[in-house]
Amino acid sequence: MDALLFMIFAAIAVICGINLVVQTHPISSALSLVGVMGALAALYLLLGGEFIAAAQLVVYAGAIMVLFVFVIMLLNAGTEKKMVVRPLGKYLGAPFLLIFFGMIAYMIQRILPASSPVVFGAFQGGTAAEIGRSLFTVYLLPFEVTSVLILIAILGAIVLARKEVD
Amino acid sequence: MPLGPLPAAVPPSWYLTLSAILFALGVLGFLLRRNIITVFMSIELMLNAVNLSFVTFSYVLKRNDGHIFSFFVMVVAAAEAAVGLAIILTVFKNRQTLEIDEVSSLKN
């Protein structure tokens, strides 16, 4: 069952990722990215990351992608210009990409020692309680610095966006 | 459970392979696309792929430090998206274009 779920969500992620690169309209790319993020959230759940899966859906698929779609709508971004593809890249690009992916898979299988398979529920350290405990003890300083970073980002975004065109 | 050649559970290396493939797709989009917003979304795809690696290694090592790290990556990505989209808005206001090849003042 775990393998089947992994296969389904991995296929969704890869297909949506390819769609992101192939589509010429930004809205199609944005919706594909939402698909990738949703599939990745399901994979995080399989790996025992309950908190990260929820945060992925809320922060990434919710907040950040809404921001993207909002800007695309606001700027009325249309289809981008057709790019010039040479015949060499047109016919050899996809096979070479597949060979490259196969090499990546082979290398990772070779380098990583044979470890026990991923079973849902085998790792319990990803609950909100555990994450919160780590966040407010070991990682307290980075967490507080992050709040300053967010504040600076908000101020920077406001300053940049309200600048008048002369 | 009999699923033909498919094992009951997959090893962590399959997750890492998926992460590498998604990262490669992000690099591809970053290099090939000419729309500044799509380029920005490719960067988000790369960040997501790296997050999957972090969470997988967290599972392998049975520690939740990887989860914390991917949480910080999400926070930085949110800040980056806010500032980056504000920059894109300003560029569009000044130049009325989203093509990255037409925004090349630093080149000359």
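Residues numbered from 1 in each chain as written. Chains lettered and ligands numbered in written order. Predicted model: local features only at pLDDT ≥ 70, side-chain atom pairs only at ≥ 80, totals over all residues.

**Thoughts on the nonpolar core**
Phase 1: Ala13, Val36, Leu40 and Leu43 of chain A together with Ile37 of chain B are the most contacted members of the largest nonpolar core, which has 65 residues in total.
Phase 2: Sequence-distant contacts of alanine 13 of chain A, defined by excluding residues within four places in its chain, comprise Val36, Ala39 and Leu40 of chain A together with Leu18 and Leu22 of chain B. (Core = buried A, V, L, I, M, F, W, Y, C linked by C-beta atoms within 7 Å. Buried ≥ 20, exposed ≤ 12 C-beta atoms within 10 Å, placed from the backbone. Contact = placed C-beta atoms within 7 Å.)

**Considering the packing of helix 1 (residues 12–32) of chain B against helix 2 (residues 36–61) of chain B**
Residue and element names in this part refer to chain B.
Phase 1: As a packed pair, helix 1 and helix 2 sit with axes 8 Å apart at the nearest point and diverge in direction by 165°. If you check the angle between helix 1 and helix 2, you find them roughly antiparallel. You can see that helix 1 and helix 2 cross each other, and the crossing is left-handed.
Phase 2: Tallied by class, residues from the contact of helix 1 with helix 2 come to 18 nonpolar, eight polar and no charged. (Axes fitted to C-alpha atoms, helices over the stretch in contact; angles between N-to-C directions. Helix = DSSP H or I, 4+ residues; strand = E, 2+ residues; numbered from the N terminus. Parallel < 35°, antiparallel > 145°, perpendicular 65-115°, else oblique. Left-handed = near helix turned anticlockwise from the far one by under 90°. Nonpolar A, V, L, I, M, F, W, Y, C, P; charged D, E, K, R; others polar.)

**A word on the confidence of the model for chain B**
Fine structural detail should not be taken from predicted coordinates in areas where pLDDT scores are low.
Residues and elements named next belong to chain B.
Phase 1: Summary statistics for chain B give a mean pLDDT of 87 and a share of 94% for residues scoring 70 or more.
Phase 2: Across chain B, element-level confidence peaks in helix 2 with a mean pLDDT of 92 and bottoms out in helix 3 (residues 65–95) with 90.
Phase 3: Both scores are available for the predicted complex, with the pTM at 0.89 and the ipTM at 0.88. (pLDDT = per-residue confidence, 0-100.)

**Side note on the environment of proline 11 of chain B**
Phase 1: If you trace the backbone, proline 11 of chain B turns up in the segment before helix 1.
Phase 2: Classification of proline 11 of chain B by C-beta neighbours within 10 Å gives partly exposed; the count is 18.
Phase 3: Along the sequence, proline 11 of chain B and valine 60 of chain B sit 49 residues apart, while their C-alpha atoms lie 9.7 Å from each other.
Phase 4: Ignoring sequence-local partners within four residues, the contact set of proline 11 of chain B consists of Ser115 and Pro117 of chain A.

**Quick word on the confidence of the model for chain A**
Phase 1: Per-residue pLDDT for chain A has a mean of 87; in total, 98% of the residues score no lower than 70.
Phase 2: For chain A, per-element mean pLDDT is lowest for helix 4 (residues 87–111) of chain A, which scores 85, and highest for helix 2 (residues 26–46) of chain A, which scores 93.

**Points about the interface of chain A and chain B**
Phase 1: The interface of chain A with chain B comprises 71 residues on the first partner and 63 residues on the second.
Phase 2: Elements with a contribution of two residues or more to the side of chain A that touches chain B: helix 1 (2–22), helix 2, helix 3 (50–75), helix 4, helix 5 (128–136) and helix 6 (140–161) of chain A.
Phase 3: It is helix 3 of chain A that contributes the most residues to the side of chain A that touches chain B, 12 residues altogether.
Phase 4: Taken together, the residues that form the side of chain A that touches chain B break down as 55 nonpolar, 11 polar and five charged.

**What about unusual backbone geometry?**
Outside of glycine, negative phi angles account for most residues, and trans bonds account for most peptide bonds.
Residues and elements named next belong to chain B.
Phase 1: In this structure, lysine 62 is a non-glycine residue whose phi angle is positive, near 55°.
Phase 2: Topologically, lysine 62 is positioned in the loop between helix 2 and helix 3.
Phase 3: Residue class for lysine 62 comes out exposed when judged on the 11 C-beta atoms lying within 10 Å of it.
Phase 4: Even without being a glycine, glutamine 96 presents a positive backbone phi close to 55°.
Phase 5: Structurally, glutamine 96 is set in the segment after helix 3.
Phase 6: Judged by the 9 C-beta atoms lying within 10 Å of it, glutamine 96 is exposed.

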